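Coordinate analysis (summary)
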Amino acid sequence: MTVRSFLLASLASLGLSQAAFAHFQLIYSPDTIIEAPVELPLKLVFWHPFENGHVMDMGEPLEFYAVHRGETIDLKDRLAPITFTGTGNSAAAYDATVPVKRSGDYVLVLVPAPYYEESEDIYIQQITKSYLNRNEMPTDWTEPQGLKTEIVPLNKPTNVVTGSTFTGRVLSNGEPVAGAEIEVEYIAAAPDMESNKTLAPTSAPMPGGPLVAVSDDAGYFTFGIPKSGFWGFAALGSGPETEFEGKELSQDAVIWIRAWDME
Ligand SMILES: [Cu+2]
């Protein structure tokens, strides 16, 4: 094979391996159970945290806010562009903060700009939620947030015990989505909050590609949590919008939960 065809074959296999594992939009803080009032630093990164893989460029988010006691705290003016460096590349990401002052849940909601995925010739928009809690007071986590598509948790997302299960319900415009394909992701390599680089991975991705669950007729799915840390669930193409700028759009619902070992 010529050098050029070898290069093309290598690029093609790279593209395939990127597509083989899941893209996941992160709203990340290492701390999700908060005691003292804080301006909590957050990182928004679009990458492959299970395989510690390719990082993708984020455009400017369309919406970013927290919901606390049913009220919206807009966080868009707290976004600051950064460059996040994974194992193999760097890409545009965002820093932000959220004021965690009163007790209760803080549901973080991100509606990112659609991302053009060249290898699949489609746009991807992962509408993402993650959860913080201060002082153990439950206030918001059971509620849907009225998003175009979302996963509503049926277990408290800030402290799922390792070895138990997590159940979620996939919604599109508030209605359950039957038969949704849900990719399951583990943050094997966490973002380092100081250096904007990935830390060393604590586990390897599973053989056989992404972990997948399928929602039942009422939109529910359940997954057993085998390891402490951050787990993400992405319902692929569960949203109502299917086209962006003349191309196919996969409008996904992402939720992040935090699992802890029993001491
Ligand atoms: Cu990707």
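Residue numbers run consecutively from 1 along every chain, following the written order of its sequence. Local features in this predicted model are restricted to residues whose pLDDT is 70 or higher, and side-chain atom pairs enter the listing and the counts only when it is 80 or higher, whereas totals over whole chains, interfaces and linings include all residues. The side-chain quantities take in all heavy atoms of the structure and omit both hydrogens and water.

So, on to the nonpolar core. If you look at the biggest cluster of nonpolar residues, it comprises 31 residues, and the most contacted ones within it are Ile151, Phe166, Val170, Phe221, Ile225, Trp231 and Phe233. Elements are defined by DSSP. Helices are runs of H or I of four residues or more, strands are runs of E of two residues or more, and each kind is numbered from the N terminus. Mapped onto this core, the elements with two or more residues apiece are strand E5 (63-68), strand E9 (104-111), strand E11 (122-134), strand E14 (165-172), strand E16 (181-186), strand E18 (220-224), strand E19 (229-235) and strand E21 (247-260). Definition of nonpolar core: a set of buried residues of the types Ala, Val, Leu, Ile, Met, Phe, Trp, Tyr and Cys, connected through side-chain atoms within 4.5 Å. Only protein chains enter the accessibility calculation, which uses a 1.4 Å probe; a residue is then buried when its area is under 20% of its type maximum, exposed when over 50%, and partly exposed in between. Counting 23 residues, the second-largest nonpolar core is a separate cluster that includes Ile34, Phe46, Tyr94 and Ile122.

We now examine unusual backbone geometry. Across residues other than glycine, the phi torsion is negative in most instances, and most of the peptide bonds are trans. Positioned with a positive phi, Asn52 is a non-glycine residue whose angle comes to about 55°. Positionally, Asn52 belongs in the loop between strand E3 (38-47) and strand E4 (55-56). You can call Asn52 buried: its relative accessible area is 12%. With a phi close to 50°, Arg69 is a non-glycine residue in the positive phi region. Its location among the elements puts Arg69 in the loop between E5 and strand E6 (71-74). Since its relative accessible area comes to 37%, Arg69 is described here as partly exposed.

The next subject is the coordination of the copper ion. Metal coordination here is assigned from N, O and S atoms located within 2.8 Å of the ion, or within 3.2 Å for Na, K and Ca; omission of water means that sites may look incomplete. Taken together, His23 (ND1), His48 (NE2) and Met56 (SD) make up the protein donors of the copper ion, found 1.9 to 2.2 Å from the metal. Read in sequence order, the donor residues for the copper ion give the motif H-x24-H-x7-M. Linking His23 in the loop between helix H1 (3-20) and strand E1 (24-28) with His48 in the loop between E3 and E4, this pair joins segments that are 25 residues apart in sequence. Of the residues examined, His23 reaches a relative accessible area of 10% and is grouped as buried. The class for His48 is buried, based on a relative accessible area of 0%.

Time to look at the pairing of E18. Going residue by residue along E18, you find Phe221 and Phe223 tucked away on one face and Tyr220, Thr222 and Gly224 left uncovered on the opposite face. Summarising the sheet, E14 and E18 pair through five bridges and their orientation is antiparallel. If you follow Thr165 over to E18, its bridge partner there is Gly224. Strand pairing follows a simple DSSP-based rule, namely that at least 2 bridges must link the two strands.

For E19, a buried count of seven out of seven residues is recorded, marking the element as mostly surrounded by other parts of the structure. With five bridges connecting them, E16 and E19 associate as antiparallel partners. Across the sheet, the residue bridging to Tyr186 is Trp231, located in E19. Pairing analysis gives seven bridges linking E19 to E21, with the strands arranged antiparallel. Note on E21: the bridge partner recorded for Phe233 is Ile255.

It is worth spelling out the packing of aromatic side chains at this point. Any two rings among Phe, Tyr and Trp, with Trp reduced to its six-membered ring, count as a pair given centres within 6.5 Å; such a pair is stacked if its planes are under 30 degrees apart, edge-to-face if over 60, and tilted if neither. In the structure shown here, the tally under the stated rule is 14 aromatic pairs. The interplanar angle of 75° and the centroid separation of 4.8 Å between the aromatic rings of Tyr123 and Phe244 together place this pair among those described as edge-to-face. With Tyr123 in strand E11 and Phe244 in strand E20 (residues 243-244), this residue pair connects regions lying 121 residues apart in the sequence. With a relative accessible area of 13%, Tyr123 lands in the buried category. Put simply, the rings of Phe50, Phe166, Tyr186, Phe221, Phe223, Trp231 and Phe233 pair up and form one aromatic cluster. Over the ring of Phe230 we find Arg258, and its NZ or CZ is 5.1 Å from the ring centre. A ring is scored as having a charge over it whenever the NZ atom of a lysine or the CZ atom of an arginine sits within 6 Å of its centre and within 35 degrees of its normal. The residue whose ring lies beneath Arg258 is Trp260, and the NZ or CZ to ring-centre distance is 3.7 Å.

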